[in-house]
Amino acid sequence: MILDGKQVASEIRAELRERAEAFEREHGKKIGLAVVLAGDDPASQVYVRNKIRGCEEAGIRSFSYYLPADVSQGEANGLISSLAENDDIHGILVQLPLPSGLDGEELLKKIPPEKDVDGFCAENIGKLARQEEGTVACTPLGVMELLRRYNISPRGKRAVVVGRSNIVGRPMALLLLNADATVTVCHSRTENLKEECLRADILVAAIGKPKFITADMVKEGAVVIDVGMDRDENGKLCGDVDFDAVKRKASFITPVPGGIGPMTVAMLLSNTVAAAERSVR
Ligand code: NAP
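Residues numbered from 1 in each chain as written. Predicted model: local features only at pLDDT ≥ 70, side-chain atom pairs only at ≥ 80, totals over all residues. Heavy atoms only, no water.

1. Quick notes on the overall build of the protein
No. 1: Across its full length, the protein carries ten helices and ten strands.
No. 2: For 281 residues, the compact-globule estimate of 2.2 N^0.38 gives 19 Å, and the C-alpha radius of gyration of the protein, at 19 Å, lies within 12% of that figure.
No. 3: Across its three principal directions, the C-alpha atoms of the protein cover 50 × 40 × 35 Å.
No. 4: Looking at the protein as a whole, 48% of its 281 residues are labelled buried.
No. 5: Look at the contacts in the protein between residues 6 or more apart in sequence, and 70% of them connect residues 24 or more apart.
No. 6: Mean positive and mean negative side-chain charge positions of the protein (36 and 41 charges, respectively) differ by 4 Å. (Helix = DSSP H or I, 4+ residues; strand = E, 2+ residues; numbered from the N terminus. Rg over C-alpha atoms; globule rule 2.2 N^0.38 Å. Buried < 20%, exposed > 50% of the residue type's maximum accessible area, 1.4 Å probe, protein only. Contact = heavy atoms within 4.5 Å. Lys, Arg positive; Asp, Glu negative; His and termini not counted. Charge placed at Lys NZ, Arg CZ, Asp CG, Glu CD.)

And the structure:
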């Protein structure tokens, strides 16, 4: 069965719109998300456009800031600091990757944890590790929400996450662990990757290599989640999983596009609404 992230994301946006409208009625202003894009990376431009469109559909006001690739650190830092102080803005998103001239760590540290709707800062990652309430990175959160809406419980299941990046693999593993799965994290130094993957009841691929997970690496009946956003040999968008072959073995599988991509945007909107609601508690 296909896990339809596009459809679920649209349901989530409709639910968020109701919360955003309730916020506006009670507090006399819209929920606001600032989206900052530096440089002219074409993929980032597409992601930012999708996020801004998602805001419109969820009743969130978006504020866009486009900085040139050669923007100075001081100017970029100044922008984030001013957004941090602006009461109309409840969430700040800095689209990654940043141009090579900018120190991303320094810039991201200017975002206060309560407006860090990407869940990347040390405080939010620490809260996730400690199972405290905080903001969780959008892509792994989108995976968990998609599983939840299809009534797929990770409890007691063997979950294998391939990839250990700070923005996907690591928080994914923590979320699955917090949901009582038995979690294995694989990466480029893993020996016997195929054997590790074959043990998975839930297999999450977050690698960045087109069609890397082949059918011989997947257990019959496994749930397969494809986080990858890659290009195949013809330049067509595809995932980290060889979808056509793997779907015959998987009980559930996410497509690319239409799987985790739209769920990621939906979770960004959800984190923004939650940040706004927390700001008036
Ligand atoms: P990343 O930072 O490059 O991390 C990739 C991970 O894959 C690393 O941990 C790496 O291991 C591991 N890896 C690489 N080659 C491997 C191999 N041969 N065998 C096993 N593991 C291997 O990438 P990322 O930011 O996590 O993104 C992963 C993918 O998800 C990309 O396709 C990206 O475009 C996509 N993505 C999608 C969304 C979305 O909204 N759908 C959001 C974010 C990312 P090492 O740590 O050992 O190097």
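2. A look at the pattern of salt bridges
Pairs may arise between side chains of opposite charge once their charged atoms sit close together.
No. 1: Scanning all chains against the criterion turns up 17 salt bridges.
No. 2: Between Lys247 and Asp244 there is a salt bridge, and its shortest N-O distance comes to 3.8 Å.
No. 3: According to the relative accessible area criterion, Lys247 is partly exposed, its value standing at 38%.
No. 4: Taken together, the salt bridges that share partners define one network made up of Glu15, Glu145, Arg148 and Arg149. (Salt bridge = Lys/Arg side-chain N within 4 Å of Asp/Glu carboxyl O.)

3. Quick notes on the sheet that holds strand S6 (residues 202–205)
No. 1: Read from one edge of the open sheet, five strands run S5-S4-S6-S7-S10, paired in parallel fashion. Two strands bound the open sheet, and with one partner strand each, they are strand S5 (182–186) and strand S10 (252–253). (Pairing = 2+ DSSP bridges.)

4. A word on the pairing of strand S3 (residues 91–94)
No. 1: The two faces of S3 match: Gly91 and Leu93 on one face and Ile92 and Val94 on the other face are all buried.
No. 2: As defined by bridge partners, strand S1 (residues 32–38) adjoins S3 across four bridges and the pair is classed as parallel. Pairing of Val35 across the sheet is with Leu93, part of S3.

5. Re the environment of Val223
No. 1: Along the polypeptide, Val223 turns up in strand S7 (residues 223–226).
No. 2: Expressed as a C-alpha distance, the spacing of Val223 and Ile253, which sit 30 residues apart in the sequence, is 5.9 Å.
No. 3: What Val223 contacts, discounting residues up to four positions off in sequence, is Leu3, Leu147, Ile152, Asp201, Ile202, Leu203, Ser251 and Phe252.

6. Details of the sheet that holds strand S2 (residues 61–67)
No. 1: Strand order in the open sheet made by the three strands is S2-S1-S3, with parallel pairing throughout. The open sheet terminates on both sides in strands that have one partner only, identified here as S2 and S3. Neighbour-to-neighbour, the strand axes of this sheet turn through a mean angle of 15°, independent of strand direction.
No. 2: Inspection of the sheet shows S1 paired to S2 by seven bridges, in the parallel sense. By the bridge assignment for S2, Leu33 is matched with Ser62.
No. 3: Running over the sheet, helix H2 (residues 42–57) touches S1, S2 and S3 and is turned about 170° from S1. (Axes fitted to C-alpha atoms, helices over the stretch in contact; angles between N-to-C directions.)

7. Looking at the site of the ligand
No. 1: Among the 21 residues in the neighbourhood of the ligand, the closest are listed as Arg164, Ser165, Ser188, Met229 and Asp230.
No. 2: Here a nitrogen atom of the ligand sits 3.5 Å away from a polar atom, N or O, in the main chain of His187.
No. 3: At 3.5 Å from a nitrogen atom of the ligand is found a main-chain nitrogen or oxygen belonging to Val227.
No. 4: With the chains in place, 72% of the 920 Å² that the ligand exposes on its own is no longer accessible.
No. 5: When the residues that make up the shell around the ligand are grouped by side-chain class, the tally is nine nonpolar, nine polar and three charged. (Near = heavy atom within 4 Å. Polar contact = N/O pair within 3.5 Å; in protein donor to acceptor, adjacent residues only side chain to side chain. Areas by Shrake-Rupley, 256 points an atom, 1.4 Å probe, with all protein chains shown as cover. Nonpolar A, V, L, I, M, F, W, Y, C, P; charged D, E, K, R; others polar.)

8. Regarding the state of the cysteines
Any covalent bond linking the sulfur atoms of two cysteines counts as a disulfide.
No. 1: The tally for this structure, following the rule as stated, stands at zero disulfides.
No. 2: The closest cysteine sulfur to the non-disulfide-bonded Cys197 is located on Cys186, 5.4 Å from its own sulfur.
No. 3: For Cys197, a relative accessible area of 1% corresponds to the buried category.
No. 4: Looking at Cys238, it has no disulfide partner, and the nearest cysteine sulfur is the one in Cys197, 17 Å off. (Disulfide = S-S within 2.5 Å.)

9. Observations concerning the nonpolar core
Grouped burial of nonpolar side chains is what soluble globular proteins tend to show.
No. 1: In terms of nonpolar packing, the biggest core is built from 51 residues, with Leu33, Ile60, Leu176, Val204, Ile225 and Val227 touching the most fellow members.
No. 2: Broken down by element, this core gets its largest block of residues, ten residues, from helix H10 (residues 260–279).
No. 3: Formed jointly, this core draws a minimum of three residues from each of two domains, domain 1 (28–112) and domain 2 (138–261).
No. 4: What Ile60 contacts, discounting residues up to four positions off in sequence, is Ile31, Gly32, Leu33, Cys55, Leu269, Thr272 and Val273. (Core = buried A, V, L, I, M, F, W, Y, C linked by side-chain atoms within 4.5 Å. Domains from an automatic or database assignment.)

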